[in-house]
Amino acid sequence: MAQFIPYGRQSVSDQDIAAVVDVLKSDFLTQGPVVPAFEEAVASYCGAMHGVAANSATSALHIACMALDVGPGDRVWTSPLTFVASSNAALYCGAEVDFVDVDPSSYNMCPAKLAEKLEVAAASGTLPKVIIPVHLTGQSCDMVAIHQAASRYGIRIIEDASHAIGASYKSRFVGACEFSDIAVFSFHPVKIVTTGEGGMAMTNDGELARRMASGRSHGVTRDPEFVQLEDPGQWYYEQHTLGYNYRMTDINAALGLSQLDRLTEFIDRRRAIARAYDEAFADLPVTTPRQHPDAASAWHLYVVRINPERAAKPHRAVFEELRAGGIGVNLHYIPVYLQPYYRDLGFSPGHCPEAEAYYSQAISLPMFPSLTDEQQGDVAAALAQAVSR
Ligand SMILES: *Cc1c(COP(=O)(O)O)cnc(C)c1O
């Protein structure tokens, strides 16, 4: 049998390795010059004023919630089709979370359902302080509509753009924060660009950037402009808030900075793979990803939905047959509120019917830049066989 093909995989070049080795030989392993260089490079790439790097997207989402003053008594809404980190970040701050059901064609937070739910919440005085739309698979949410619905009530927006570095929306890169306060990228190895572990929060608001930088480093500052003591000594620093140690190291940042050079190449290859899958599956009993004309996906994931009426086997059997055949399919995601931890918070099945319908049909196929044409052919043939007779 051919080798196991994973659903996602990093591409690390000799240049990436050399960049990391350079840092290992330098004076600073952490808090050196490479983290700020990486922050500036990502900010300049996506057209945001500031980037605040962190040791994961989860940490970046947490400091983003902290910067927006999310705390006990506040509500945060996100999408049920996401990794648990999107909503956990709000729980870390002591907020209550809820989920807005998805649009059945993009699988992203549905702006109409958001507007409806906000109207109900406004009437009962239970509006959220922050919403966290998630750009699932790398395709931007309908940010204009989401922004319009949220800003009616002064609600702040954090984009969970973990899947979407390199994606664009209305001809600007995701991360430009045109319709949000903050956007967060992940640099986990399965994502588009990797630092090993890592994440970054993008913003155009200098005060939010300062608060996030403080939150990722113990709530401590040395900046004379912000220190309360007059005429401080050179050793002096002050803690003003309760922060964390969420810093990215220079080692990780060097990998990210070097990877960034190939971002366009990565995205081009992912787009080519997506087109080839689209063609290969045109006549199968599956729904291929629908792309909104305003959005150009980064194609972190390629998700097909198995048509339950027309496919030869049920979803689970198709999934298991692919896995058994060496195709590392996956399912992104189990609706977050179905997790036992969230059920204990009071959620139950039926809360977001579109997300649950998706969950009963979705399969993520292998999608990464080094996937060869031959491997892609194997994946396509295996899927065709599994859903047909
Ligand atoms: C990967 C991911 C995260 C968490 O990213 P880490 O860098 O692993 O902390 C959060 N949200 C989404 C949608 C993700 O895919």
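Before reading further, recall that the structure is shown in the block above.
Here's a quick rundown of the structure. The shown structure was predicted, so the numbers you read here are calculated from the model rather than taken from an experiment.

What counts and how
Residues numbered from 1 in each chain as written. Predicted model: local features only at pLDDT ≥ 70, side-chain atom pairs only at ≥ 80, totals over all residues. Heavy atoms only, no water. Helix = DSSP H or I, 4+ residues; strand = E, 2+ residues; numbered from the N terminus. Buried < 20%, exposed > 50% of the residue type's maximum accessible area, 1.4 Å probe, protein only. Contact = heavy atoms within 4.5 Å. Near = heavy atom within 4 Å. Polar contact = N/O pair within 3.5 Å; in protein donor to acceptor, adjacent residues only side chain to side chain. Areas by Shrake-Rupley, 256 points an atom, 1.4 Å probe, with all protein chains shown as cover. Nonpolar A, V, L, I, M, F, W, Y, C, P; charged D, E, K, R; others polar. Disulfide = S-S within 2.5 Å.

## Here we look at the overall build of the protein
Helix and strand content of the protein: 13 helices and 15 strands. Principal-axis analysis of the C-alpha atoms places the extent of the protein at approximately 80 × 60 × 40 Å. Looking at the protein as a whole, 53% of its 389 residues qualify as buried. Residue pairs at least 24 apart in sequence account for 73% of intrachain contacts in the protein once pairs closer than 6 positions are excluded.

## So, the site of the ligand
Contacts to the ligand come from 15 residues, most closely from Thr58, Asp160, His163, Ser186 and Lys191. Between Tyr333 and the ligand, the recorded distance is 3.0 Å, taken from a side-chain N or O atom to an oxygen atom. Relative to its free-state accessible area of 380 Å², the ligand is covered by the protein chains to the extent of 93%. Elements represented by at least two residues in the shell around the ligand include exactly helix H3 (57-67) and helix H4 (85-92). Tallied by class, the residues present in the shell around the ligand amount to 5 nonpolar, 8 polar and 2 charged.

## Some thoughts on the state of the cysteines
In a disulfide, the sulfur atoms of two cysteines are held together by a covalent bond. In the structure shown here, the tally under the stated rule is 0 disulfides. Cys46 forms no disulfide, and the closest cysteine sulfur to it belongs to Cys177, at a distance of 7.1 Å. Considering cysteine sulfurs only, Cys93 is the nearest to Cys65, which forms no disulfide, with 4.9 Å between them.

This is a description of form; function is not addressed.
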